[in-house]
Amino acid sequence: MTRAVLSIGSNLGDRIAHLRAAVAALGDAVLVVSGVYETPPWGDAEQPTYLNAAVMVADPAAGPRDWLGRARAVEAAAGRTRDPERRYGPRTLDVDVIAVWDEAGQPVLSDDPALALPHPRAHLRAFVLRPWIDIEPHGRLPGYGWLTDLLTAEPLASDALELSPRPDLALESDA
């Protein structure tokens with residue numbers, strides 16, 4: 001069984017509906033979903049705020065490229081278009097594969113430009129780390145360390161203060 005952490009975010013259209021659709025599209029692979037956080041844009045401040053969350057998924061038949069394929073399919077279903085001129089621009093849905101573990105629980109490492117693992121900038125993004133801590137409080141980002149240490153160290157400590165929990169926005173129902 002492979003397990004992965006996915007980061008999901010949206011800042012265009014019905015943001016929470018896009019996140020809910022992503023979780024629904026991942027279906028039975030979803031193990032747990034974090035709370036939702038409202039976050040300032042990263043890399044390009046001239047855009048609306050994001051809603052972000054983390055999702056832990058598992059599938060005995062999925063490898064790292066399968067998770068990437070699922071992420072791209074979920075984005076496409078939300079109408080995501082990629083603007084080659086604006087790398088960190090607004091989007092209906094962004095789904096990033098942050099980290100993957102193999103069936104033995106070992107982290108999968110890759111420097112492939114199409115799917116670098118762990119995600120090469122995850123350790124720099126409070127909007128990835130904080131939701132991940134919700135679902136794995138004692139988690140570690142392979143190659144970087146404990147999530148809590150990464151989030152509380154500079155420069156992320158100040159970024160983390162800009163994240164607003166949104167307990168009024170649930171991604172999964174209790175039904």
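Look up: the structure comes first, before these words.
Below or above, wherever it landed, is the structure these notes cover. (Residues numbered from 1 in each chain as written. Predicted model: local features only at pLDDT ≥ 70, side-chain atom pairs only at ≥ 80, totals over all residues. Heavy atoms only, no water.)

### Side note on the overall build of the chain
Note the following rule: Strands are runs of DSSP state E lasting at least two residues, helices are runs of H or I lasting at least four, and both sets are numbered from the N terminus onward. In this description the radius of gyration comes from C-alpha coordinates, and the expected globular size is given by 2.2 Å times residues to the power 0.38. Residues are treated as being in contact if the distance between any of their heavy atoms lies within 4.5 Å. Areas reported as accessible are Shrake-Rupley estimates using a 1.4 Å probe. Residue values count occlusion only from the protein chains shown. Lys and Arg are tallied as positive, Asp and Glu as negative. Neither His nor the chain termini are counted. Here the site of a charge means NZ on Lys, CZ on Arg, CG on Asp, or CD on Glu.
Tallying secondary structure elements over the chain gives five helices and 10 strands in all. In terms of overall dimensions, the chain is globule-like: its C-alpha atoms have a radius of gyration of 15 Å, near the 16 Å expected for 175 residues. Projected onto its principal axes, the C-alpha positions of the chain cover 40 × 40 × 35 Å. When contacts within the chain are restricted to residue pairs at least 6 apart in sequence, those whose partners lie at least 24 apart make up 68%. A total accessible area of about 8,600 Å² is found for the chain, and carbon and sulfur atoms account for 54% of it. If you average the places of the 16 positive and of the 25 negative side-chain charges in the chain, the two averages end up 3 Å apart.

### Here we look at the pattern of salt bridges
The condition that has to hold: The salt bridge definition used is simple: a Lys or Arg side-chain nitrogen within 4 Å of an Asp or Glu carboxyl oxygen. Summary of the burial criterion: residues with accessible area below 20% of their type's maximum are buried, those above 50% are exposed, and those between are partly exposed, where the area comes from a 1.4 Å probe applied to protein chains only.
This structure, assessed with the given rule, holds nine salt bridges. Between aspartate 59 and arginine 70 there is a salt bridge, and its shortest N-O distance comes to 2.4 Å. With a gap of 11 residues between them, aspartate 59 in strand 4 (residues 50–59) and arginine 70 in helix 2 (residues 64–77) connect regions that are remote in the sequence. Residue aspartate 59 is classed as buried on the basis of its relative accessible area of 16%.

### Thoughts on unusual backbone geometry
Omega for the peptide link from leucine 117 to proline 118 comes to -5°, which places this bond in the cis form. Tracing the backbone through its elements, the reader meets proline 118 in the loop between strand 7 (115–117) and helix 3 (126–135).

### Here's the deal with the environment of leucine 109
As for its placement among the helices and strands, leucine 109 is situated in the loop between strand 5 (94–101) and strand 6 (110–112). Here leucine 109 falls in the exposed class, since its relative accessible area comes to 62%. On a C-alpha basis, the gap between leucine 109 and leucine 93 in space is 25 Å, while along the polypeptide they are 16 residues apart. Each residue touching leucine 109, except ones within four places of it in the same chain, is listed here: Leu117, Pro118 and Pro142.

### A look at helix 3
When you tally the buried positions in helix 3, you get eight out of 10 residues, the bulk of the element. Residues of helix 3 that are buried include every one of Ala126, Phe127, Val128, Leu129, Pro131, Trp132, Ile133 and Ile135, and no others.

### Observations concerning the pairing of strand 5
For a regular strand, side-chain orientation follows a simple rule: the groups alternate between the two sheet faces. To keep it simple, the criterion reads: In this description, strands pair whenever DSSP reports at least two bridges between them.
The buried count for strand 5 comes to eight of eight residues, which makes it a mostly enclosed element. Across seven bridges, the pairing between strand 1 (residues 2–10) and strand 5 is antiparallel. For serine 7, the partnering residue across the bridge sits in strand 5 and is aspartate 96.

### Some words on helix 2
Here is the rule: Multiplying one less than the number of residues by 1.5 Å gives the expected span of a helix. The directions from the helix axis to the C-beta atoms are what the arc is built from.
Counted at 1.5 Å a residue, the expected span for helix 2 with its 14 residues is 20 Å, and the 20 Å between its end C-alpha atoms agrees. The set of residues buried in helix 2 consists of Trp67, Leu68, Ala71, Val74 and Glu75. Looking down the long axis of helix 2, one finds its buried residues gathered within 125° of arc, a one-sided arrangement. Opposite its buried face, helix 2 presents the exposed residues Ala76 and Ala77, each directed more than 90 degrees away. Looking at the buried side of helix 2, the elements it contacts are strand 1, helix 1 (15–26), strand 4, strand 5 and strand 7.

### Observations regarding the environment of serine 34
Note the following rule: Here a polar contact is taken to be a pair of N or O atoms separated by no more than 3.5 Å, where protein atoms must pair a possible hydrogen donor with a possible acceptor and residues adjacent in sequence count only if both atoms sit in side chains.
By the secondary structure assignment, serine 34 is in the loop between strand 2 (30–33) and strand 3 (37–39). Classification of serine 34 as buried rests on a relative accessible area of 7%. Remark: the alpha-carbon pair of serine 34 and arginine 130, spanning 96 residues in sequence, is separated by 9.1 Å. Apart from the residues lying within four places of it in its own chain, the contact partners of serine 34 are Ala53, Ala54, Pro131, Asp134, Ile135 and Leu171. Only 2.8 Å separates the side chain of serine 34 from the backbone nitrogen of alanine 54, close enough to count as a polar contact.

So, to be careful, I would describe these as geometric facts and stop short of saying anything about function.
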